[in-house]
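# Reading the structure
What follows is the residue order along each chain.
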Amino acid sequence: MPRLNHRWVAIGICLLCLGLSAWIVTLKYNAFQYTGKDLALYGQLMWSLCHGTPRTSLFGGHFLIDHANYIAFLLVPFYFFFQSALTLLYIKLIAFFIGAYLLFLIIEKKIDGKWAALFMLGYISFPGNMAMLFFEFNFENLALPLFFLAFLFLEQKRFLSFIFTCLALCLVKENMPLVVLMFAIYAFLFHRKDNLLVMRLAPFILISAVIIFITQVFLIQPALTKGLSFHHSNYWEFYKTFGSTPLEILKNLILHPEKAYPLLFDPKTFLFLGDLFGPLIIPSLLSPHVLLLGLPLFLQNLLSTAPGQKSIFYYYASALSVFIFLATVVSLSRIKKDGRQRLLIIVITSLFIFNLCYIREWARRLPLKQENAALYHQAIARIPPEADILANFRFLPMLSQRRGVYPLGREIVSYTRQKEHLPETLDHILIQLPIRADQNISLRKIILKGNWAVDTAIDDIVLLKKNIPNGKPLVQILKDPSNTGAITPILLLEPFLELTSLDLPARISSEARTLSITCKWHTQNGLQAGGRIAFAIYNNETVLWQNVHPVVYGLPLNKNETARETFTFTLPELSSGNYKVHVWLVKDNTLDWKWSSTLILPLEVQ
C-alpha cells in the first residue's frame, strides 16, 4: 500500500475518533456532568478576555495568579465567535488528535507504515489519554501536539521550526519552559552534528527557557498576588514536603533529595506508574534519553501530594504518555529488522489488551445522562445573562459566560483563597440538592441576610432570586417556639428532629405531574447536617415512584428552632385513581434505611 494511503487511513481514524469524542463531551456537558472547577474557571477566563479584561470573579483577580496560560490570548479570536465553555472542550479534542496524527508521522518514518496507524490508535485509546479527553479542560493539554511537533522537527532537522515550537510551548503553562530546557539539552546532545546552528541556538533556547520560568514564577506571580493570602501560585503547596516557597522547594530538591524518597517509593506511586506505562514500560525504558524529555513533568507528578497528579483518571497523565510513546517508537526503530515485525505485533497486541482492561472503568466514570437535566436547563434559562449568580460547581460551566459568577463552597471566597464579600449586585442563587455540609452554613447566612425568595424549587434544584414581590422564602425560620403552637410530632427522627405538620394535597390532576408539600420541623438540640424525608407512591403493593428531600434543604437549624418549608416533586404519569403516599424519615439518601415509623396518606389522581 502506498504511503499516501497510510496517511489517509490515519487521518480517517483521527476524524472518526474526533467526531465520536465531540459527541460524548457534548452529551456530558449538556448533562451537567463537568462538576470540577477547571472548565468553569477557564470558560469564564476566555469570556472575560473576549470582553477586554484578564480578571474574573472565579479567579478572584488576574488569571495569571493561577497559571501562566499566555496561550489563552492566542485563542481569543477563535473563542470570540463561539463563546461557550464547550468550545474549550472542542479545542482540547482538536489539539489532541492533531498530536495523534503527528505521532503517526513520527512512527511512519521509524517503523513500517502499515503498523503506524494501528500504533496511533493504541495511543488514542491509552488510559491516561482517554481520561484527559473526557475530563475537565486544562491549558496543559494543548501542549501535547507541540511536544510531538518539536520532536518531529528535530527528526526532520528543521531547527528554526523547532525553535518557534519551543517558544509556543513556553506560552502554554509555567512548567513548559522546563520541558523546553530538556528539548534544548536533547537537541545539543543528539543533533549537534547535524547542523552547526544547533550548537549555537541550543544554549540560547536553554537560557531563554530558564529566564521565562524564573520571570513567571519569581517575578510575575508574586507581583500579581501582592496583598493576597499567599505570594505565589497556590499549587506550590502540593510540594510543601520540600518547603513553603518556590525558591525553598527548588533548593531542597537539589540539596536534600532524600526528602523525595517517601514520595517516590510510596506504594501509590508504583501503582500509578503501572497504570501510566502499562505494557510500554520495557520498550520505553530502552530509550531513556527520549523519556527524559518529560523529566520535569514526571517529577511534577511524582513529587506532588495532590491525588490527581498520581492518577491516570485525570488530565495530567496525558502529557506523560507523549514521552512514553515517543521513547517506545525510538526503541522499536532500533531493534534489528529481522525481529521487528514480531516485536511490533507483541507490543501492539499487549497495548490494546491493556487499553481494553479499562473499558469497564471508563463506562463507570463517564456519565452522559442527568435525570433532571431538563429542569437544570430551564432554571438557567430563567437567569438573565447580565445577572450575578452564586451556584454549585455543577452549574458553573454553563453559567461561566458572564461577568459575575461565584462558587458555593466552604466560605464565600475567591479561587485564590483571599476572603471576599459577595457583591451587592448578586441577585441569583442556583442550588442542586443535597447541599454539602461545608456549604450549608454559608448558604444559610446568605439567605437569611438578604431578601431572597424562591423562583423555582422542584426536585433537586432551587433557584433563588432577590426582591421578588410577595415572594416566598426558601425556609421560614420561627425562632420563638411559642408562635408555632403545641409541638406534636407526626414523625420523629431520634434524637434531634421532629416533623410537627405535613401539608400534602389529597387530590391532584393527572395533567399537573407535580406534588407540592409543606413541612414544619422542630429541633431541640439543633440540626447541623443529615436528615431526609422520603416519599413513595403505592398502587396496592407496587411502588410507582419514590424520592427523598433534605430536611429544610440541608440548611442547619439551631437549638429550639422551628422551620417551615415548601418543596415540589415531579411525578411520573399516573392514571386516574386512588393511591397511597408513604412518608418516613431517614438519615441519608438510602430510602430503605428507615429511622422512623411510616405515615400513610391517601392521594386521589383525577
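Residues numbered from 1 in each chain as written. Predicted model: local features only at pLDDT ≥ 70, side-chain atom pairs only at ≥ 80, totals over all residues. Heavy atoms only, no water.

Residues Tyr123, Phe139, Phe147, Phe162, Phe183 and Leu430 are the most contacted members of the largest nonpolar core, which totals 140 residues. Here the element with the most residues in this core is helix H4 (residues 85-110); it accounts for 17 residues. Of all hydrophobic cores here, the second largest spans 50 residues; its members include Leu408, Ile431, Leu504 and Val551. (Core = buried A, V, L, I, M, F, W, Y, C linked by side-chain atoms within 4.5 Å. Buried < 20%, exposed > 50% of the residue type's maximum accessible area, 1.4 Å probe, protein only. Helix = DSSP H or I, 4+ residues; strand = E, 2+ residues; numbered from the N terminus.)

Packing of helix H6 (residues 127-134) against helix H17 (residues 317-334) brings their axes to within 8 Å, and their N-to-C directions diverge by 145 degrees. In terms of crossing hand, the pair formed by H6 and H17 is left-handed. Of H17, the residues touching H6 (which contributes Gly128, Asn129 and Met132) are Ala317, Ser318 and Ser321. Within the contact of H6 with H17, the residues separate by chemical class into 2 nonpolar, 4 polar and no charged. (Axes fitted to C-alpha atoms, helices over the stretch in contact; angles between N-to-C directions. Left-handed = near helix turned anticlockwise from the far one by under 90°. Contact = heavy atoms within 4.5 Å. Nonpolar A, V, L, I, M, F, W, Y, C, P; charged D, E, K, R; others polar.)

This part is about the packing of aromatic side chains. On inspection of all chains with the given rule, the structure shows 35 aromatic pairs. Residues Tyr123 and Phe325 carry aromatic rings whose centres are separated by 5.1 Å and whose planes lie at 80 degrees to one another, so their mutual orientation is edge-to-face. Of this pair, Tyr123 sits in helix H5 (residues 113-124) while Phe325 sits in helix H17, and the two are 202 residues apart along the sequence. Taken individually, Tyr123 and Phe325 each receive the classification buried, so the pair is uniform in this respect. Connected via pairs of aromatic rings, a cluster forms that spans Phe96, Phe97, Phe119, Tyr123, Phe126, Phe148, Phe313, Phe325, Phe354 and Tyr358. Lying across the ring of Tyr34, Lys28 places its NZ or CZ 4.6 Å from the centre. (Phe/Tyr/Trp six-rings, centres within 6.5 Å; stacked < 30°, edge-to-face > 60°. Lys NZ or Arg CZ within 6 Å of the ring centre and 35° of its normal.)

Taken together, the side chains of Ile185, Phe188, Leu189 and Phe190 make up a nonpolar region of the molecular surface, amounting to roughly 340 Å² of accessible area. Structurally, Phe188 is set in helix H9 (residues 176-191). What makes Phe188 partly exposed here is its relative accessible area of 32%. (Patch = residues over 30% accessible without salt bridge, like charges linked within 9 Å, V, L, I, M, F, W, Y side chains within 5 Å. Areas by Shrake-Rupley, 256 points an atom, 1.4 Å probe, with all protein chains shown as cover. Salt bridge = Lys/Arg side-chain N within 4 Å of Asp/Glu carboxyl O.)

Put simply, the protein has an average pLDDT of 85, and 89% of its residues get 70 or more. Low confidence marks residues 410-415, where pLDDT is under 50. Its contacts with residues over four positions away, or in another chain, come to 24 contacts. (pLDDT = per-residue confidence, 0-100.)

With that out of the way, let us pick up the sheet that holds strand S11 (residues 507-508). Taken together, the 5 strands give an open sheet; going across it, the order is S11-S17-S16-S13-S14, and neighbouring strands pair in mixed fashion. Of all the strands in the sheet, just S11 and strand S14 (542-550) have a single pairing partner and so form its edges. Summarising the sheet, strand S13 (residues 532-539) and S14 pair through 8 bridges and their orientation is antiparallel. Bridged to Tyr538 within S14 is Val543. (Pairing = 2+ DSSP bridges.)

This part is about the environment of Trp8. If you trace the backbone, Trp8 turns up in helix H1 (residues 3-30). Exposure remark for Trp8: the relative accessible area of 55% places this residue in the exposed category. Once the C-alpha coordinates of Trp8 and Ala117 are considered, the two residues, 109 residues apart in sequence, prove to be 9.6 Å apart.

With that settled, consider the side chain of Thr328. Residue position: Thr328 is located in helix H17. Under the relative-accessibility criterion, Thr328 is labelled buried at 0%. Residues within four places of Thr328 in sequence aside, it is in contact with Phe119, Leu280, Pro283 and Ser284.

Pairing in this open sheet of 5 strands is mixed, and the strands run S4-S3-S5-S7-S6 from one edge to the other. The outermost strands of the open sheet, each flanked by one partner alone, are strand S4 (405-407) and strand S6 (452-458). With direction set aside, neighbouring strand axes in the sheet form an average angle of 20 degrees. Two elements, strand S3 (residues 388-391) and S4, share 3 bridges in a ladder whose sense is parallel. By the bridge assignment for S4, Ala391 is matched with Pro407. Against the sheet, helix H20 (residues 373-381) contacts strand S5 (426-432), S6 and strand S7 (461-466), and its axis sits at roughly 10 degrees relative to S7.

It is worth spelling out the layout of surface pockets at this point. Considering only enclosed or pocket space, the second largest pocket measures out at about 760 Å³ in volume. Forming the walls of the second largest pocket are 28 residues, and the residues nearest its centre are Leu178, Phe213, Trp236, Leu250 and Pro296. Broken down by secondary-structure element, the contributors of at least two residues to the lining of the second largest pocket are H9, helix H10 (196-224), helix H11 (246-255) and helix H16 (295-302). (1 Å grid on protein atoms, 1.4 Å probe; cavity = no way out; pocket = protein on both sides within 12 Å on 5 of 7 lines; lining within 4 Å. Points joined across faces, edges and corners; volume = space filled by probe spheres on them.)

Moving on: the environment of Asn372. In this fold, Asn372 is placed in the loop between helix H19 (359-365) and H20. You can call Asn372 buried: its relative accessible area is 11%. In this structure, the C-alpha to C-alpha distance between Asn372 and Asp460, residues 88 residues apart in sequence, is 7.9 Å. Leave out the neighbours within four places in its chain, and Asn372 touches Asp459 and Asp460. Polar contacts involving the side chain of Asn372 include one to the side chain of Asp460, which spans 2.8 Å. (Polar contact = N/O pair within 3.5 Å; in protein donor to acceptor, adjacent residues only side chain to side chain.)

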